[in-house]
Amino acid sequence: MGVISLERADSLFWLGRYVERVFTTVKVFFDYYDCMIDRNEREYIHFCEALSIPNIYQDREDFVKNYILDESNPDSIISNMLRACDNAIVSRDDISTESMSYLEMCLQTIRAEKDSPAPVFALQSVIDHIYAFWGSIDDCILDEENRNIVKCGRYVERLDLYLRLKFDQTLVEKEFRKFSKRLERVRIGYHAEQYQQVAAMMERKDEFESLRSSILNTLQQIFC
């Protein structure tokens, strides 16, 4: 296993984070979309609040279209997909062209909906391409260190989102175990003290809900 540069490690780490950000937010978007259709058309306000992103949308239709398609909005699905693709390009030699192609298909799928009256229905294809991407990197990334860095980014992003979006405690604990296993296997720099603080708070199971914000804030400090 060779020594990986800080720049390469950073690109692989953020590749994992941005791909997971698209994946999880799209899946949650479906739930909020159903609620906006069936019960409360302004449920997108709660979506923005949960993710700590500004509510710049005028109504449900504006949210559905621009949260998916607006490249000038740094919080949109397409903007996060663009960042994922940028990191994939830098990491092409490490992840393979084949793996990168699945992310390019995600981007093409979203952009093809520019003039569609219902862009939300194309997002299932984005989910499918991301599943294929994760499967591909298991096959195509031969260096275990590189693969672990990408997945470390994936799981820290998933933890961040699960904590923000009030996912069930058991799911958060499951993802923390995955994150911990990857973190043990990588040689990238991180703040061990902050990691230990998160681990200690996760052990206080009966206090989890009251500690959720503290866990999230400390998690964000592990790689800052």
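Structure's up top.
*Asks:* Lay out the pattern of salt bridges with the relevant residues and their values.
*Replies:* By the definition in use, this model includes 15 salt bridges. E145 is paired through a salt bridge with R187; the nearest N and O atoms lie 3.9 Å apart. With E145 in helix α8 (residues 144–164) and R187 in the loop between α9 (169–185) and α10 (192–203), the pair connects residues that are 42 residues apart, well separated along the chain. By relative accessible area, which is 52% here, R187 ends up exposed. Between E209 and R212 there is a salt bridge, with the nearest N and O atoms lying 2.9 Å from each other. Note that E209 and R212 are positioned in helix α11 (residues 208–219) at a spacing of three residues, about one turn of the helix. Among the charged side chains, a network of salt bridges with common partners joins E20, R154, R158, E175 and K178.

*Asks:* If you had to explain the packing of helix α2 (residues 44–51) against helix α3 (residues 60–69) to someone new, which residues and values would you point to?
*Replies:* Packing of α2 against α3 brings their axes to within 10 Å, and their N-to-C directions diverge by 45°. Of the possible angle classes, the one that applies to α2 and α3 is oblique. Residues Y44, F47, C48 and L51 of α2 form the contact with α3, whose own contacting residues are R60, F63 and Y67. For the contact of α2 with α3, the residue count by class is six nonpolar, no polar and one charged.

*Asks:* Run through the state of the cysteines, naming residues and quoting values.
*Replies:* Following the criterion strictly, the structure yields zero disulfides and no others. Looking at the unpaired C106, the closest cysteine sulfur is the one in C85, lying at 7.4 Å. Of the residues examined, C106 reaches a relative accessible area of 0% and is grouped as buried. Summary of cysteine pairing: C140 is not part of a disulfide, and the nearest cysteine sulfur, belonging to C106, is at 15 Å. The partly exposed category is assigned to C140, whose relative accessible area is 22%.

*Asks:* Outline unusual backbone geometry, listing residues and values.
*Replies:* With a phi angle near 55°, S52 is a residue other than glycine that sits in the positive phi range. Along the chain, S52 falls in the loop between α2 and α3. The exposure class assigned to S52 is exposed, which follows from its relative accessible area of 54%.

*Asks:* Tell me about the side chain of S76, and please be specific about residues and values.
*Replies:* Relative to the helices and strands, S76 is located in the loop between α3 and α4 (77–90). You can call S76 buried: its relative accessible area is 0%. Within the local environment of S76, its side chain forms a polar contact with the backbone oxygen of D70, the two atoms lying 2.8 Å apart. A distance of 3.0 Å separates a polar side-chain atom of S76 from the backbone oxygen of N73. In this view, S76 contacts N66, Y67 and D70; residues no more than four positions away in its chain are not counted.

*Asks:* I'd like a description of the packing of aromatic side chains, backed by residues and values.
*Replies:* Here the distance between the centres and the angle between the planes together describe a pair of aromatic rings. Enumeration according to the criterion identifies 21 aromatic pairs in this entry. Between Y190 and F223, the aromatic rings sit 6.3 Å apart at their centres with planes inclined by 50°, giving tilted as the arrangement. Of this pair, Y190 sits in the loop between α9 and α10 while F223 sits in the segment after α11, and the two are 33 residues apart along the sequence. The aromatic ring of W134 is capped on one face by R154, whose charged end is 4.1 Å from the ring centroid.

*Asks:* Talk me through α11; I want residue IDs and the actual numbers.
*Replies:* End to end, α11 covers just 14 Å across 12 residues, shorter than the expected 16 Å (1.5 Å per residue, more than 12% under). For α11, the complete set of buried residues consists of F208, L211, R212, I215, L216, T218 and L219. Viewed along the axis of α11, the buried residues span an arc of 160°, placing them on a single side of the element. As for α11, its buried residues are in contact with α8, α9 and α10.

About the thresholds
- Residues numbered from 1 in each chain as written.
- Predicted model: local features only at pLDDT ≥ 70, side-chain atom pairs only at ≥ 80, totals over all residues.
- Heavy atoms only, no water.
- Salt bridge = Lys/Arg side-chain N within 4 Å of Asp/Glu carboxyl O.
- Helix = DSSP H or I, 4+ residues; strand = E, 2+ residues; numbered from the N terminus.
- Buried < 20%, exposed > 50% of the residue type's maximum accessible area, 1.4 Å probe, protein only.
- Axes fitted to C-alpha atoms, helices over the stretch in contact; angles between N-to-C directions.
- Parallel < 35°, antiparallel > 145°, perpendicular 65-115°, else oblique.
- Contact = heavy atoms within 4.5 Å.
- Nonpolar A, V, L, I, M, F, W, Y, C, P; charged D, E, K, R; others polar.
- Disulfide = S-S within 2.5 Å.
- Polar contact = N/O pair within 3.5 Å; in protein donor to acceptor, adjacent residues only side chain to side chain.
- Phe/Tyr/Trp six-rings, centres within 6.5 Å; stacked < 30°, edge-to-face > 60°.
- Lys NZ or Arg CZ within 6 Å of the ring centre and 35° of its normal.
- Expected span 1.5 Å × (residues − 1).
- Arc of directions from axis to C-beta.

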